[in-house]
Amino acid sequence: MSIPAATPPRAFSSSSPWAVLWVFLRLGLTSFGGPVAHLGYFRDELVVRRRWLDEQSYADLVALCQFLPGPASSQVGMALGLMRGGWLGALAAWVGFTLPSALVLAALGLGFSSGGAGWPAGLVQGLKVVAVAVVAQAVWGMARSLCTSPGRVALMGAACAITLWQPGVAGQMGVMLGAALLGWWAWGRGPAAQPAMAAGVADAWALPYSRRAGLALLAVFAALLVALPWWVQASAAGATTATNAANPVIGWAVVDAFYRAGALVFGGGHVVLPLLQSAVVPSGWVAGDAFLAGYGAAQAVPGPLFTFAAFLGAAMAPGWAGAGFALLATVGIFLPAFLLVAGALPWWAQLRQRAGARGVLAGVNAAVVGLLLAALWHPVASSALHGPADAALAALALAALLWWRVPPWAVVLATALAGWGWQAVAVG
């Protein structure tokens with residue numbers, strides 16, 4: 001199947017970037033519940049209510065963003081902004097959806113870097129405990145939907161075991177590569193899919209740039225993935241990596257670490273946890289307690305979980321230096337998502353039909369669940385659960401999320417306050 005030329009003026013329905021910004025700012029202020037819930041909010045607002053595109057086009061776009069590394073809901077938002085308002089529309093969609101939670105989390109991170117003012121120990125412990133429940137819920141939900149055969153369950157278990165045995169980025173990347181190859185071999189055979197194309201789908205996928213431009217964006221993505229660590233290593237020769245505003249090396253190191261995390265994570269927000277932890281905690285940029293407390297706090301705000309990067313950047317240093325690191329970390333972690341989705345959009349109509357691509361995705365998704373299961377054990381549970389009371393509170397929070405259907409922000413708030421209250425009673 002050939003892809004239509006991506007330049008017909010009738011097909012590209014342009015809208016003011018300010019209009020796109022306003023729509024996504026509303027979504028960024030109200031979209032609680034994680035990436036799956038975000039996709040539901042997008043569909044209701046942009047497919048059902050505003051009719052920016054039809055159901056089939058939206059489903060195809062979601063499938064593309066689930067296939068790519070990075071935050072799926074944010075990539076869907078960027079792509080919708082790009083389809084609607086061009087390059088400025090993509091920027092407006094990202095800013096609107098990301099800004100509210102990024103500002104809140106950056107402010108909380110600055111509180112940590114300034115000595116933890118306003119963060120009692122009990123509140124921090126409560127946020128660490130609720131992180132256990134949130135990650136456990138993610139593991140359960142993803143395992144039920146992605147590990148649907150004995151082979152995928154076995155792949156999940158192997159990925160978990162290898163990650164615990166060989167922690168760090170190298171081990172995680174080895175697991176992902178091996179899972180992709182195994183998925184291609186085991187589930188990537190058969191005839192190409194021939195999805196039914198609803199009326200208007202081709203017009204909805206027309207873009208204000210060509211496939212050649214998309215290929216250039218993918219090349220930039222790959223070049224940065226290779227060049228950033230080389231540049232950091234070259235710049236660090238004879239220099240210190242202390243987190244202070246006068247040190248230029250640390251700025252490049254922050255961009256490199258968060259760009260790599262955003263570029264190499266499959267499966268959405270929760271799965272970025274081990275990559276970020278291995279980047280910022282062993283290096284001493286962020287304390288382990290601050291990392292888990294910030295991760296718990298990130299569950300209580302709307303918008304994408306990847307804005308956790310704003311908290312981590314702000315927690316690295318007090319004052320304006322922390323604010324600068326928050327900006328670098330946030331841009332760094334979302335930049336690969338934009339380059340990938342914008343680069344892949346012109347090609348997806350053809351690629352999505354191939355059985356091999358579907359097989360790779362099946363293997364990677366099963367491995368993602370294994371990575372998340374390993375992260376649940378360490379560092380999440382091992383650092384947060386110090387006794388029966390912590391375990392009971394985590395179990396109660398998990399029950400509220402899984403069975404009682406309490407909104408995540410309410411569970412996070414209640415668990416944090418419970419930890420605070422428990423400490424007050426114990427001290428009193």
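Residues numbered from 1 in each chain as written. Predicted model: local features only at pLDDT ≥ 70, side-chain atom pairs only at ≥ 80, totals over all residues. Heavy atoms only, no water.

Asks: Now, about the overall build of the chain: what can you tell me, with residues and values included?
Replies: When its secondary structure is counted, the chain shows 18 helices and zero strands. Here the chain holds 428 residues, and 52% of them are scored as buried. At a minimum sequence separation of 6, the contacts of the chain that also span at least 24 residues come to 79%. (Helix = DSSP H or I, 4+ residues; strand = E, 2+ residues; numbered from the N terminus. Buried < 20%, exposed > 50% of the residue type's maximum accessible area, 1.4 Å probe, protein only. Contact = heavy atoms within 4.5 Å.)

Asks: Give a detailed account of the side chain of Gln 277, specifying residues and quantitative values.
Replies: Residue position: Gln 277 is located in helix H11 (residues 272–280). For Gln 277, a relative accessible area of 18% corresponds to the buried category. The contacts of Gln 277, once residues within four sequence positions are left out, are Pro 282, Phe 291 and Pro 379.

Asks: Which residues make up the nonpolar core, and what values do they have?
Replies: With 128 residues, the main nonpolar core has Phe 24, Phe 258 and Leu 345 as its most contacted residues. Membership of the second largest hydrophobic core comes to five residues, among which are Ala 102, Ala 106, Ala 310 and Ala 326. (Core = buried A, V, L, I, M, F, W, Y, C linked by side-chain atoms within 4.5 Å.)

Asks: Describe a nonpolar patch on the surface, with residues and values.
Replies: A cluster of nonpolar residues, Trp 409, Leu 413, Leu 417 and Trp 420, forms a patch on the protein surface that exposes about 400 Å² of accessible area. Along the polypeptide, Trp 420 turns up in helix H18 (residues 408–427). (Patch = residues over 30% accessible without salt bridge, like charges linked within 9 Å, V, L, I, M, F, W, Y side chains within 5 Å. Areas by Shrake-Rupley, 256 points an atom, 1.4 Å probe, with all protein chains shown as cover. Salt bridge = Lys/Arg side-chain N within 4 Å of Asp/Glu carboxyl O.)

Asks: Provide a residue-level description of the environment of Gly 86, including the pertinent values.
Replies: When you line up the elements, Gly 86 lands in helix H4 (residues 72–113). What makes Gly 86 buried here is its relative accessible area of 7%. Through-space distance from the C-alpha of Gly 86 to that of Ser 15 is 8.2 Å; in sequence the pair is 71 residues apart.

Asks: Break down the confidence of the model for the chain for me, citing the residues and quoting the values.
Replies: The predicted model of the chain has a mean per-residue pLDDT of 82, with 84% of residues at 70 or higher. Per-element confidence in the chain is highest for helix H13 (residues 308–314), whose mean pLDDT is 95, and lowest for helix H8 (residues 201–204), whose mean pLDDT is 45. Residue range residues 1–12 is modelled with pLDDT below 50. Its contacts to residues more than four positions away, or to other chains, number 23 contacts. Low pLDDT, under 50, characterises residues 195–202; the predicted model gives this stretch 13 contacts beyond four residues in sequence or across chains. (pLDDT = per-residue confidence, 0-100.)

Asks: Any chance you could break down helix H5 (residues 121–146) for me, citing the residues and the numbers?
Replies: Given 3.6 residues to a turn, an α-helix orients residues that are three or four positions apart in the same direction. In this model, H5 (26 residues) spans 37 Å end to end at C-alpha, consistent with the 38 Å of a helix rising 1.5 Å per residue. The buried fraction of H5 amounts to 19 of the 26 residues, a majority that puts the element mostly inside the structure. (Expected span 1.5 Å × (residues − 1).)

Asks: With reference to specific residues and values, describe the environment of Gln 172.
Replies: One can find Gln 172 in helix H7 (residues 169–187). Measuring from C-alpha to C-alpha, the distance between Gln 172 and Leu 264 comes to 9.2 Å, with 92 residues separating the pair along the chain. Not counting chain neighbours up to four residues away, the residues in contact with Gln 172 comprise Thr 163, Pro 274, Leu 275 and Leu 371.

Asks: Could you give me a rundown of the packing of aromatic side chains, with the residues and numbers involved?
Replies: Counted by the stated rule, this structure contains 14 aromatic pairs. Between Trp 87 and Tyr 209, the ring centres sit 4.8 Å apart and the planes meet at 35°, which makes this aromatic pair tilted. Of this pair, Trp 87 sits in helix H4 while Tyr 209 sits in the loop between H8 and helix H9 (211–236), placing them 122 residues apart in sequence. What makes Tyr 209 buried here is its relative accessible area of 5%. Aromatic rings pair up to connect Phe 112, Phe 291, Tyr 295, Phe 308 and Phe 311 into one cluster. A cation sits over an aromatic face here: Arg 152 above Trp 187, 5.0 Å from the ring centre. (Phe/Tyr/Trp six-rings, centres within 6.5 Å; stacked < 30°, edge-to-face > 60°. Lys NZ or Arg CZ within 6 Å of the ring centre and 35° of its normal.)

Asks: How would you explain unusual backbone geometry if you had to name every residue and give the values?
Replies: Here the phi dihedral of Arg 51 falls at roughly 55°; this positive angle occurs in a residue that is not glycine. Classification of Arg 51 as exposed rests on a relative accessible area of 68%. Not every positive phi belongs to a glycine, and Arg 405 is a case in point at roughly 55°.

Asks: Describe the pattern of salt bridges, with residues and values.
Replies: Within this structure, the stated rule accounts for five salt bridges. Between Glu 45 and Arg 50 there is a salt bridge whose closest N-O contact spans 2.6 Å. Its relative accessible area of 9% is what places Glu 45 among the buried residues. Exposure remark for Arg 50: the relative accessible area of 32% places this residue in the partly exposed category. Ionic contacts of the salt-bridge type, sharing partners, join the residues Arg 26, Glu 45, Arg 49 and Arg 50 into one network.

Asks: Any chance you could break down the packing of H4 against helix H12 (residues 288–298) for me, citing the residues and the numbers?
Replies: Running from amino to carboxyl end, H4 crosses H12 at an angle of 155°, the nearest separation of the two axes being 11 Å. Considering their axes alone, H4 and H12 lie roughly antiparallel with respect to each other. As for the relative orientation of H4 and H12, their crossing is right-handed in sense. Here Leu 105, Leu 108 and Phe 112 of H4 lie close against H12, whose contacting residues are Ala 290, Ala 293, Ala 297 and Ala 298. (Axes fitted to C-alpha atoms, helices over the stretch in contact; angles between N-to-C directions. Parallel < 35°, antiparallel > 145°, perpendicular 65-115°, else oblique. Left-handed = near helix turned anticlockwise from the far one by under 90°.)

Asks: Lay out the environment of Val 380 in plain terms, naming residues and giving numbers.
Replies: Among the structural elements, Val 380 can be located in helix H16 (residues 355–384). A residue is classified by how much of its surface remains accessible, and Val 380, at 0% relative accessible area, is buried. Remark: the alpha-carbon pair of Val 380 and Lys 128, spanning 252 residues in sequence, is separated by 7.6 Å.

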